[in-house]
Amino acid sequence: MCGAKSTDIFQMLLESARRRRELRSELLKSLGIKEYFTDGSISINSVTCRGLECKLCIKACPTNALYWGGGRVNVVEDLCIYCAACVLSCIVDDCIRVSRRRLDGKVETFSRPGEAAKLLQTISSRRRINLVDRVFRH
Ligand code: SF4
Ligand code: SF4
């Protein structure tokens, strides 16, 4: 009996997580925001954050997922697409932590501007290599 009940609760939790993902996708789609990662998470350390004199992450966020309220930086998780632009702009190491899962299942985590910058550099180098490859192959 207890087993059946816990299965029901588990099913309800799964269903609610699925519904939440659907609503998030609908919201992002309605705002014209494209998703690049299957899932992710973001956290901001309000103890180390220099918010009052900084707020650079809020300015850098392309989806307006970050806002100032209650004396701290807050995040609307449903608007966050885990792009890591906030990590790149943050003046405090390990203050913002973004984790995300790529379509191929690879998980990436950033909490320092250097890590996010390194990734951007790798991507643009890869694009340059692909471009040169295309030009010389035709
Ligand atoms: S990861 Fe990107 S979308 Fe999410 S809060 Fe940071 S800047 Fe905004
Ligand atoms: S950029 Fe970093 S230090 Fe500045 S407000 Fe955002 S989280 Fe705080």
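Observations regarding unusual backbone geometry
Then, in step 1: Here Tyr-82, not a glycine, exhibits a phi torsion of approximately 60°, which is positive.
Then, in step 2: Of note, the phi angle at Ala-84 is positive, near 75°, even though the residue is not glycine.
Then, in step 3: By secondary structure assignment, the location of Ala-84 is in the loop between strand 3 (72-75) and helix 3 (85-89).
Then, in step 4: Relative accessible area serves as the criterion here: at 5%, Ala-84 is assigned to the buried category.

Focus on the sheet that holds strand 5 (residues 107-110)
Then, in step 1: A sheet is described by the order of its strands in space; here three strands give the open sequence 1-4-5, paired in antiparallel fashion. The two strands at the open ends of the sheet, each matched to only one other strand, are strand 1 (39-44) and strand 5. Along the sheet, successive strands turn relative to each other by an average axial angle of 5°, direction set aside.

Cut-offs used in this document
The numbering scheme is per chain: residues are counted from 1 as the chain's sequence reads. By the order in which they are written, chains take letters starting at A while ligands take numbers starting at 1. For this predicted model, a pLDDT threshold of at least 70 governs which residues receive local features, and a threshold of 80 or more governs which side-chain atom pairs are given and counted, while totals over whole chains, interfaces and linings are taken from all residues. Values reported for side chains reflect all heavy atoms of the structure, with hydrogen atoms and water molecules removed beforehand. A run of DSSP states H or I qualifies as a helix once it reaches four residues; a run of E qualifies as a strand once it reaches two. Both are numbered from the N-terminal end. The cut-offs for exposure are 20% and 50% of the maximum accessible area for each residue type, with area from a 1.4 Å probe on protein chains only; residues under the lower value are buried, those over the upper are exposed, and the others partly exposed. Criterion used throughout: strands pair if DSSP finds at least two bridges between them. Angles run from 0 to 180 degrees between N-to-C directions of axes, and those axes are lines fitted to C-alpha atoms, restricted for helices to the stretch in contact.

Keep in mind these numbers describe shape, not what the thing actually does.
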